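# Observations on chain architecture
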Amino acid sequence: MRQAINNWQMDLKTGAGGGKPPKQPKPQYRSAFRILGSYAGEHRGTFFLVAVCTVIAIAAELLQPYLVKVAIDDHLMAGKKDFGSLLIICGIYLALSLAGFVFTYLQNNLLQYAGQSIVAKIRKQLFEHITKLSMSYFDKTSNGSLITHVSSDTEALNQFFNQVLLTLLRDGLMLVFILVMMFQLDATLGVYCLAILPLIAFIAVAFRSFVRNTYQMARTRLSRLVAFVAENLSGMNLIQVFQQQKAQAEQFKERNDAYFKANVREIRSMVLFNKSFDLLSNLTIAYVTWIGGKAVLGHTIEFGVLYAFITYIRQFFQPVNAITQQWNTLQSATVAVNRIWGLLDIQPDIEDRPQPLRINRETVQGGIDFNRITFGYESGSPVMRGLDLHIVPGEMVGIVGTTGAGKSSLISLLCRFYDVQEGSIQIDGIDIRTLPQEELHRIVGLVQQEPYLFAGSIIDNVRMFDESISREEVIRACEFVGADPLVRLMKDGYDTRLSERGSGLSAGERQLLSFARIIVFQPRILILDEATANLDSQTEQLIQQALQAVSQGRTTIVIAHRLSTIMQADRILVMRQGAIVETGTHSQLLAKQGYYEQLYRHSQGELDNREARASL
Ligand SMILES: Nc1ncnc2c1ncn2[C@@H]1O[C@H](COP(=O)(O)OP(=O)(O)OP(=O)(O)O)[C@@H](O)[C@H]1O
C-alpha cells in the first residue's frame, strides 16, 4: 500500500500527472544514429534490398514524364503518324507505373519489417532491463515515466523507421534524380529553377522553429496524459477510498484540454506550412511557364521539354515538403533513443557477483543470521543500526512492532531487494551477496499482504507460468493448503482465468493461492508480510490452518499486526525504531509486561469489539 501511495504521490510531484511540462532534453543526433546503426547492422541485407527497390521505384516514376515528352516532341509535334511507336511508348509508360507500384510496395514492406523487428527488439530489451533494476530505482522513479519509456519512446522509434527513414531515403534520392532529369532536359531552365532554392530553405527553416515548439508541446502533453491515466489505474483503490474521482476527473480534463489545444496548434501550423509550399510550387510553375513558354515560342526549347519540366517541378516539391515535415519526428525519435539508452545504461544496484556461489537448494537448512546490520534507504539516515538476529533452521519467528519500526525493511534485506550498508546477512552461514539472486529467490519465498496474481489461469498463477510444473502438482498444492474446494467451485475450476491483480477473487482466496505457490516452489525459508491483515476472522482461520501446513519443516518469519497469527510462534520479536526491543515466546513476553503486553491488551480490545460487532 505504501509503495502505491509513494508512486502515486511521486507522479503528482514529478509532473507525470500534472504541473509544468518537463523541458525536453537536447537531441544528440550522432549518438542516436550510432545506436540505431548498431541495431540496423543485423538487417543490412534487408536495407540493401530496400535501397535497390527505392532506386528502381524512383527511376520508374521519374521516367514517366520523360516518356510523355518523347511522345509529344518526337511524335505529336513532329506530326508523325507512327501509331505503333506511340503504342509502345504507352505500353512502357504502363509498365513503368506497374514497376513503380511493385517496387514501392516491396520497399515499404521490407523497410517496415526491418524497422519493426528493431523496435520490437528494443522494446523487449527495455522491458527485460526494467525487470532487473533494483528496488531503490523504483523507489525514485514513477511508474508513469517507465510506461512512457516503453510505450511513447519506442513509438517514436517506430515512427523513425516508419516515416523518417523512408522519407530520407526515398525523397532524398527523388530530389537528386529530379534535379538530374531537369538539368539533363534543359540546363538553363534548371538554373532558373534553382533560383527558388533559397526561398524553399527560408520557408523550411522558418517552419522548423515555428512548429518545433508546438510539436514538442503536443508530445509532452500526450506523455503526461498517458502517465496520468497509468497512475490513476494503479492507484484506483486509493482514488475510490479517498473519493478522489471528481478531483482526478478535473485534473484529467485539464491535461486533456491542454493536449487538445497543443494538437490544434500543431495541425494549424502544419496546414500553414503545407499550403505555403503549395503556393510556392504554383508560383514556380507560373514562373517556369513564363520563362519556358517564351523559350518554346522562340523555338529554343521544345514543348515536350516544358511539359516534362512542369511535371518535375510538381514532383520536386513533394519530397522537399515531406523531408521538412519529418524534421520534428526525427528530433523526437533522437530524444527518445537517447532517453531509452539512458535507461538501458542504468546498472542495477544489486547485481550477482561475476562468479556467484552455486549451492544445492535441496541441502539448505534455513538458518538465518543478521550480523550487526546497518541499513538506510537514504545514505546518512539509517533505518536500523547494528541489528543482530539469529534464526535457527525450521524456527517460526513472529515480528511485531509499531508502524515504521523496520519490519518490512528487514525482510526486504533478506530477499536482497536492497543491500545492507554494514554487517552481513547469511543463510546457513553463506553471505546472501555471494549467491545468485535467482537461487536466493528460490530459497526465500515471500507472501505479501496483497499477493500479486497475473492475468492467466489459476494453474498458471500457482506455477508462475513454469510449464515444467505439472497440473497435478498444482492441484496437490492447492489441496494441501485448503484452496482446492474453493477453486472447484469456480466456473472453470483450475482453468478459470483471472484478470490482472487477481480481481474476481477475495483477499483470502488470493492468499490461499499464494500459499499454494509456496508449496509448489518449496522455498526453504518462508516470509509472510502481514499476510492475514486484510482477512475476516473466518478466512483468517482458514489461512492459519494453511500457514501451519505450509510452515512445516521450513524456517518461517511472519510479520503480523494481528497477534493471533504469531501467538504460536517459537519466538516473537518486538521491533521499535529499527531495533529489536523485546524477544521471547508469547507467554514469556506477556509475563514481561512490556511493550508486547500493551500491544496484546490493545489487540484483545479490538478483537472483543470485532466479535461484539459480529454478534449484532
Ligand atoms: N522504499 C522506501 N524508501 C524510503 N524510506 C522507506 C522505504 N520503505 C520504508 N521506508 C522507511 O523506513 C522505515 C521503516 O519502514 P518499514 O516499512 O520497514 O516499517 P514497518 O515496520 O514494516 O512498518 P509498517 O508496519 O507500517 O509496514 C520507515 O521510516 C519508512 O518510512
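Residues numbered from 1 in each chain as written. Predicted model: local features only at pLDDT ≥ 70, side-chain atom pairs only at ≥ 80, totals over all residues. Heavy atoms only, no water.

As recorded in an unreviewed UniProt entry, the protein goes by ABC transporter ATP-binding protein and comes from Paenibacillus thalictri. UniProt's Subcellular location (unreviewed entry) comment on the protein is quoted here verbatim: "Cell membrane". (UniProt positions renumbered as here; feature names shortened; annotations may be inferred.)

### A closer look at the overall build of the protein
The helix and strand tally for the protein stands at 20 helices and twelve strands. Judged by the C-alpha coordinates and their principal axes, the protein covers about 120 × 50 × 50 Å. Expressed as a percentage of its 616 residues, the buried residues of the protein come to 47%. Taking contacts inside the protein between residues at least 6 apart in sequence as the whole, the part at least 24 apart equals 79%. Within the structure as shown, the protein displays about 31700 Å² of accessible surface, and the carbon and sulfur contribution to it stands at 58%. Each charge sign in the protein was given a centre, from 59 positive and 56 negative side chains, and these centres are 8 Å apart. (Helix = DSSP H or I, 4+ residues; strand = E, 2+ residues; numbered from the N terminus. Buried < 20%, exposed > 50% of the residue type's maximum accessible area, 1.4 Å probe, protein only. Contact = heavy atoms within 4.5 Å. Areas by Shrake-Rupley, 256 points an atom, 1.4 Å probe, with all protein chains shown as cover. Lys, Arg positive; Asp, Glu negative; His and termini not counted. Charge placed at Lys NZ, Arg CZ, Asp CG, Glu CD.)

### Topic: the packing of aromatic side chains
On inspection of all chains with the given rule, the structure shows eight aromatic pairs. When the ring of Tyr-39 is compared with that of Trp-341, the centres are 5.5 Å apart and the planes differ by 80°; the resulting orientation is edge-to-face. One end of the pair, Tyr-39, is in helix 2 (residues 29-40); the other, Trp-341, is in helix 11 (residues 303-345), with 302 residues separating them in the sequence. In terms of burial, Tyr-39 and Trp-341 fall into one category: buried. (Phe/Tyr/Trp six-rings, centres within 6.5 Å; stacked < 30°, edge-to-face > 60°.)

### With respect to the pattern of salt bridges
Counted according to the given criterion, the structure contains 16 salt bridges. Here Lys-124 and Glu-128 are joined by a salt bridge, their closest N and O atoms 3.4 Å apart. Taken together, the residues Lys-124 and Glu-128, both in helix 4 (residues 83-132) and four residues apart, mark about one turn of the helix. Between Arg-601 and Glu-597 there is a salt bridge, with its nearest N and O atoms 3.4 Å apart. One end of the pair is Arg-601 and the other is Glu-597, both in helix 20 (residues 595-615) and four residues apart, which spans about a single turn. (Salt bridge = Lys/Arg side-chain N within 4 Å of Asp/Glu carboxyl O.)

### Section: the nonpolar core
Membership of the largest hydrophobic core comes to 44 residues, with the highest contact counts inside it found for Ile-458, Val-462, Cys-478, Val-481, Leu-513, Phe-515 and Ile-566. Those elements that place two or more of their residues in this core are strand 3 (396-401), helix 14 (458-462), helix 15 (471-481), helix 17 (507-521), strand 9 (525-529), helix 18 (537-551), strand 11 (571-576) and helix 20. The element that contributes the greatest number of residues to this core is helix 17, accounting for eight residues. The contacts of Ile-458, once residues within four sequence positions are left out, are Val-487, Met-490, Gly-493, Tyr-494, Thr-496, Leu-498 and Leu-513. (Core = buried A, V, L, I, M, F, W, Y, C linked by side-chain atoms within 4.5 Å.)

### Concerning the sheet that holds strand 9
The strand order across the open sheet built from six strands is 6-9-10-3-11-12, with neighbouring strands paired in mixed fashion. Where the open sheet ends on each side, the last strands, each with one partner, are strand 6 (444-447) and strand 12 (579-584). Here the average twist between neighbouring strands, direction ignored, is 20°. One ladder, built from four bridges, connects strand 6 with strand 9; its direction is parallel. Residue pairing in the sheet places Val-447 in a bridge with Leu-528 of strand 9. (Pairing = 2+ DSSP bridges. Axes fitted to C-alpha atoms, helices over the stretch in contact; angles between N-to-C directions.)

### Focus: the packing of helix 6 (residues 143-185) against helix 7 (residues 187-194)
Interhelical geometry of helix 6 versus helix 7 gives an angle of 135° and a closest axis separation of 5 Å. The orientation of helix 6 with respect to helix 7, classified from their angle, is oblique. Residues Leu-179, Met-182, Phe-183 and Leu-185 of helix 6 pack against Ala-187, Gly-190, Val-191, Cys-193 and Leu-194 of helix 7. Of the residues in the contact of helix 6 with helix 7, the class split is eight nonpolar, one polar and no charged. (Parallel < 35°, antiparallel > 145°, perpendicular 65-115°, else oblique. Nonpolar A, V, L, I, M, F, W, Y, C, P; charged D, E, K, R; others polar.)

### Here's the deal with the side chain of Lys-69
Inspection of the secondary structure puts Lys-69 in helix 3 (residues 44-76). Residue Lys-69 is classed as buried on the basis of its relative accessible area of 11%. Once residues within four sequence positions are removed from consideration, Lys-69 is found in contact with Asp-74, Leu-185, Glu-302, Gly-304, Val-305 and Ala-308.

### Focus: a nonpolar patch on the surface
A contiguous nonpolar surface patch, about 530 Å² in accessible area, is contributed by Leu-98, Phe-101, Val-102, Tyr-105 and Leu-106. Along the chain, Phe-101 falls in helix 4. (Patch = residues over 30% accessible without salt bridge, like charges linked within 9 Å, V, L, I, M, F, W, Y side chains within 5 Å.)

### Structural notes on the sheet that holds strand 2 (residues 384-391)
Ordered in space as 2-1-4-5, the four strands form an open sheet in which the pairing is antiparallel. Taken across any chain shown, the strands that pair with only one partner, and hence form the sheet edges, are strand 2 and strand 5 (430-431). In this sheet, strand 2 lies alongside strand 1 (residues 368-375) in antiparallel orientation, the contact comprising five bridges. If you follow Ile-368 over to strand 2, its bridge partner there is Ile-391. Sitting on the sheet, helix 12 (residues 407-414) touches strand 1, strand 2 and strand 4 (422-427), and the angle it makes with strand 1 is about 115°.

### Regarding the domain arrangement of the protein
Taken domain by domain, the protein comprises domain 1 (26-345) and domain 2 (367-615). For domain 1 versus domain 2, the separation of C-alpha centres amounts to 56 Å. Taken residue by residue, the interface counts five residues in domain 1 and four residues in domain 2. Across the domain 1 to domain 2 interface the summed buried area is about 340 Å²; carbon plus sulfur atoms make up 48%. When the area that domain 1 buries against domain 2 is broken down by residue, the three leading residues are Met-135, Asp-139 and Ser-234, summing to 75%. If you look at where domain 1 meets domain 2, you find zero salt bridges. Taken together, the connections running from domain 1 to domain 2 amount to one residue pair in polar contact (both at pLDDT 80 or more). Of all the secondary-structure elements, those providing two or more residues to the side of domain 1 that touches domain 2 are helix 5 (135-140) and helix 8 (197-234). Of the residues forming the side of domain 1 that touches domain 2, the biggest block, three residues, is contributed by helix 5. A per-class count over the side of domain 1 that touches domain 2 returns two nonpolar, two polar and one charged. (Domains from an automatic or database assignment. Buried area = accessible area lost by both parts, 1.4 Å probe. Polar contact = N/O pair within 3.5 Å; in protein donor to acceptor, adjacent residues only side chain to side chain.)

### What to know about the confidence of the model for the protein
Scored by pLDDT, the protein comes out at a mean of 82, with 91% of its residues at no less than 70. Predicted confidence in the protein is weakest over helix 1 (residues 2-14), with a mean pLDDT of 41, and strongest over strand 4, with 95. A low-confidence stretch, residues 1-24 (pLDDT under 50), is modelled with 50 contacts involving residues beyond four sequence positions or located in other chains. (pLDDT = per-residue confidence, 0-100.)

### Section: helix 7
Within the sequence span of helix 7, burial applies to Leu-189, Gly-190 and Cys-193. With its buried residues spanning 105° around the axis, helix 7 presents them on a single face. The exposed residues of helix 7 that point more than 90 degrees off its buried face are Thr-188 and Val-191. For helix 7, the side-chain oxygen to backbone nitrogen distance between the N-cap and Thr-188 is 3.2 Å, and the N-cap itself is Asp-186. (Arc of directions from axis to C-beta.)

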